[in-house]
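Understanding the architecture of this molecule
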Amino acid sequence: MRHMIIALVAITLPYTAGAEAISPDQAVAAVARFTGTPQNTWSVRGLLSWHAASFLGPCYEVVPRGASEVSTTYSVRMADGVVVEFWDCRPEDVPDDGYNHLEGGEKVLPVSVEQAEGIAREFASRHYDGFGVRRWYSFPDAWGFSTIRQGPGYEFQWFEVLGDAGALAPWPLEVSVSGYTGRVTRYVRPPDRPMLAPVRPLVSRRHAEVAVLRFIGAAVAPPSFEETWLQVREDVLGVQRLAWFVRPAFGPERARQRMPLFTVDAMSGDVLGWMGEFATASWTAPRLRAKSPPSPGIRIGGEEGRGPGSFVSPALRGGSLWLRAEHLRAVDGVQVDVTRKGVTVHHSGRTIGGTDLGARWRDYGWWVPLRQVAKALGWRVDWIHDKKEAVLHTGR
């Protein structure tokens with residue numbers, strides 16, 4: 001029996017159900033319009049790698065025609081011909097690394113950060129619909145997430161603000177500008193996926209901060225918080241949830257040691273996890289509580305298979321193992337279209353609707369029972385009771 005191993009699959013996040021893919025010639029024409037250059041100066045090299053396509057969607061890679069060494073690449077979405085990403089960095093854009101190695105520190109670049117930001121904003125206004133009328137947010141430099149200066153250039157990131165509660169979109173709009181030439185060297189659009197997660201929290205900022213203090217068992221006076229913000233999280237499979245991000249600070253300002261960044265579900269108040277920074281862990285930090293027992297798992301294929309990489313775990317309900325519909329994207333050849341109205345799965349030339357899948361809306365997403373899905377798609381499920389694990393066999 002042949003198994004589909006998740007480590008080898010290509011995850012595809014579709015943009016429009018049933019959309020006809022554009023042709024390679026149409027992809028070339030899209031780049032010519034985007035750059036204002038003749039169409040015969042471009043050619044299609046191939047398709048985007050599976051890893052990049054998991055984020056941007058299936059794309060053509062368009063490069064300069066006849067170039068022996070390609071340093072310029074445009075990604076054109078196959079669903080609608082939109083240029084979703086490009087990299088165009090020339091030798092004059094990076095004549096050096098932007099640092100003064102004799103005296104130390106960064107060089108003063110010919111293009112200032114203010115000039116570069118103006119260039120980036122003008123570029124975004126021309127190429128991203130609604131940039132000038134939507135609300136955007138950039139993280140402050142002090143928070144450590146900003147990457148404005150990057151050696152010989154600058155990178156600007158803008159997260160769209162969703163709703164009046166100030167929730168941020170999962171992914172930013174990115175524009176990079178050379179500090180030597182002022183050219184835009186990189187551009188990445190945020191994925192145009194439906195927003196399934198709510199953008200108004202049921203848990204307040206203060207309650208999220210208190211949840212973190214309880215989680216770490218803080219036995220000191222309530223600390224200050226270095227940063228707290230609200231954002232929709234999205235994993236590689238497209239599963240979304242609204243969360244608070246909280247970083248507490250203990251001790252006087254000059255003696256503080258940077259605490260991990262905690263994630264709190266903004267609808268339930270549960271602490272979802274935390275992440276520390278490299279070389280910042282300290283024995284003086286409050287001890288974290290023991291982890292809860294592992295959730296039921298799904299393994300795709302044989303012993304070498306792994307489960308879908310998602311921050312939402314499968315769940316046992318009423319004797320059945322349920323998973324988010326987006327988890328099915330971890331199986332090779334499966335396309336899943338998800339909207340607030342319903343879910344549809346495409347596989348091996350068949351289209352199966354949410355009713356046949358047994359889909360139910362719960363916790364701000366569509367869930368499907370694994371055995372019913374397997375039956376509808378002609379797969380087999382083996383349940384390993386001792387491990388609380390389902391093994392999904394998708395081929396013969």
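This structure is a prediction, so every number in the text was calculated from the model and none was measured.

**Focus on the side chain of Thr-228**
Tracing the backbone through its elements, the reader meets Thr-228 in strand E11 (residues 224-234). Here Thr-228 falls in the buried class, since its relative accessible area comes to 6%. Side chain to side chain, Thr-228 and Glu-209 meet in a polar contact 2.9 Å long. Other than its neighbours up to four places away in sequence, Thr-228 contacts Trp-143, Arg-205, Glu-209, Trp-244, Phe-245 and Val-246.

**Structural notes on the nonpolar core**
In terms of nonpolar packing, the biggest core is built from 32 residues, with Val-62, Tyr-74, Val-76, Trp-158, Leu-173, Val-175 and Tyr-187 touching the most fellow members. The set of elements that each furnish at least two residues to this core consists of helix H1 (24-35), strand E2 (59-64), strand E3 (72-77), strand E4 (83-88), helix H3 (113-127), strand E7 (153-162), strand E9 (173-178) and strand E10 (184-188). Discounting residues that sit within four places of it in the chain, Val-62 has contacts with Ala-27, Val-28, Val-31, Trp-42, Ser-43, Val-44, Thr-72, Thr-73, Tyr-74 and Val-76. By size, the runner-up hydrophobic cluster in this structure holds 26 residues, among which are Ile-298, Ala-325, Leu-377 and Leu-392.

**Some details on the sheet that holds strand E18 (residues 335-338)**
Strand order in this open sheet of three strands is E18-E19-E20, and the pairing throughout is antiparallel. A single partner strand is all that each edge strand has here, and the edge strands are E18 and strand E20 (350-353). On average, each strand axis in the sheet is inclined to that of its neighbour by 20 degrees, with strand direction left out of account. As defined by bridge partners, strand E19 (residues 343-347) adjoins E20 across four bridges and the pair is classed as antiparallel. Note that in E20 the partner of His-347 across the bridge is Arg-350. Set on the sheet, helix H6 (residues 370-377) makes contact with E19 and E20; between it and E20 the angle comes to about 150 degrees.

**With respect to the sheet that holds strand E17 (residues 320-324)**
The strand order across the open sheet formed by four strands is E16-E17-E22-E21, and the pairing between neighbours is antiparallel. The outermost strands of the open sheet, each flanked by one partner alone, are strand E16 (315-317) and strand E21 (360-361). Where E21 lies against strand E22 (residues 366-369), two bridges are found, and the strand directions are antiparallel. Counted as the bridge partner of Trp-361 is Trp-366 from E22. Along the sheet face, H6 touches E17 and E22 and points at about 75 degrees away from the line of E22.

**Details of the pattern of salt bridges**
All told, the structure shown has 24 salt bridges when counted by the stated rule. Residue Arg-200 is joined to Asp-164 by a salt bridge in which the shortest nitrogen-to-oxygen separation is 2.3 Å. Within this pair, whereas Arg-200 is found in the loop between E10 and helix H4 (205-216), its partner Asp-164 is found in the loop between E7 and strand E8 (167-168), the two being separated by 36 residues in sequence. Across the pair, Asp-164 and Arg-200 agree in class, each one exposed. We note a salt bridge from Asp-363 to Arg-362, for which the minimum N-O separation is 3.8 Å. We classify Arg-362 as partly exposed; its relative accessible area is 42%. In the salt-bridge network here, residues are joined through shared partners; they are Arg-77, Asp-80, Arg-189 and Asp-192.

**Focus on the environment of Tyr-187**
Within the fold, Tyr-187 resides in strand E10. Owing to a relative accessible area of 0%, Tyr-187 belongs among the buried residues under this scheme. Spatially, the C-alpha atoms of Tyr-187 and Phe-123 are 9.3 Å apart, while their sequence positions differ by 64 residues. If we ignore the near neighbours within four places in the chain, the residues touching Tyr-187 are Phe-34, Val-83, Val-84, Glu-85, Phe-86, Phe-123, His-127, Tyr-128, Leu-173, Glu-174 and Val-175. At 3.4 Å, the side chain of Tyr-187 and the backbone oxygen of His-127 are in polar contact.

**Details of unusual backbone geometry**
A positive phi angle, close to 55 degrees, is found at Ser-348, a residue other than glycine. With respect to the secondary-structure elements, Ser-348 resides in the loop between E19 and E20. Of note, Asp-363 is a non-glycine position whose phi angle comes to about 50 degrees, a positive value.

**Focus on the layout of surface pockets**
There is about 430 Å³ of room inside the second largest pocket. Gln-231, Arg-233, Phe-245, Thr-263 and Met-275 are, among the 19 residues lining the second largest pocket, the residues nearest its centre. The set of elements that each furnish at least two residues to the lining of the second largest pocket consists of E7, E11, strand E13 (261-265) and strand E14 (271-275). No other element matches the five residues that E11 contributes to the lining of the second largest pocket. Here the residues of the lining of the second largest pocket sort into 13 nonpolar, four polar and two charged.

**Description of the side chain of Arg-189**
In this structure, Arg-189 sits in the loop between E10 and H4. Arg-189 gets classed as buried once you look at its relative accessible area, which sits at 11%. Of the polar contacts made by the side chain of Arg-189, one reaches the side chain of Asp-192; its length is 3.2 Å. Ignoring sequence-local partners within four residues, the contact set of Arg-189 consists of Phe-55, Leu-56, Val-82, Val-83, Val-84, His-127, Tyr-128, Pro-172 and Leu-173.

Each value, and the rule that gives it
- Residues numbered from 1 in each chain as written.
- Predicted model: local features only at pLDDT ≥ 70, side-chain atom pairs only at ≥ 80, totals over all residues.
- Heavy atoms only, no water.
- Helix = DSSP H or I, 4+ residues; strand = E, 2+ residues; numbered from the N terminus.
- Buried < 20%, exposed > 50% of the residue type's maximum accessible area, 1.4 Å probe, protein only.
- Polar contact = N/O pair within 3.5 Å; in protein donor to acceptor, adjacent residues only side chain to side chain.
- Contact = heavy atoms within 4.5 Å.
- Core = buried A, V, L, I, M, F, W, Y, C linked by side-chain atoms within 4.5 Å.
- Pairing = 2+ DSSP bridges.
- Axes fitted to C-alpha atoms, helices over the stretch in contact; angles between N-to-C directions.
- Salt bridge = Lys/Arg side-chain N within 4 Å of Asp/Glu carboxyl O.
- 1 Å grid on protein atoms, 1.4 Å probe; cavity = no way out; pocket = protein on both sides within 12 Å on 5 of 7 lines; lining within 4 Å.
- Points joined across faces, edges and corners; volume = space filled by probe spheres on them.
- Nonpolar A, V, L, I, M, F, W, Y, C, P; charged D, E, K, R; others polar.

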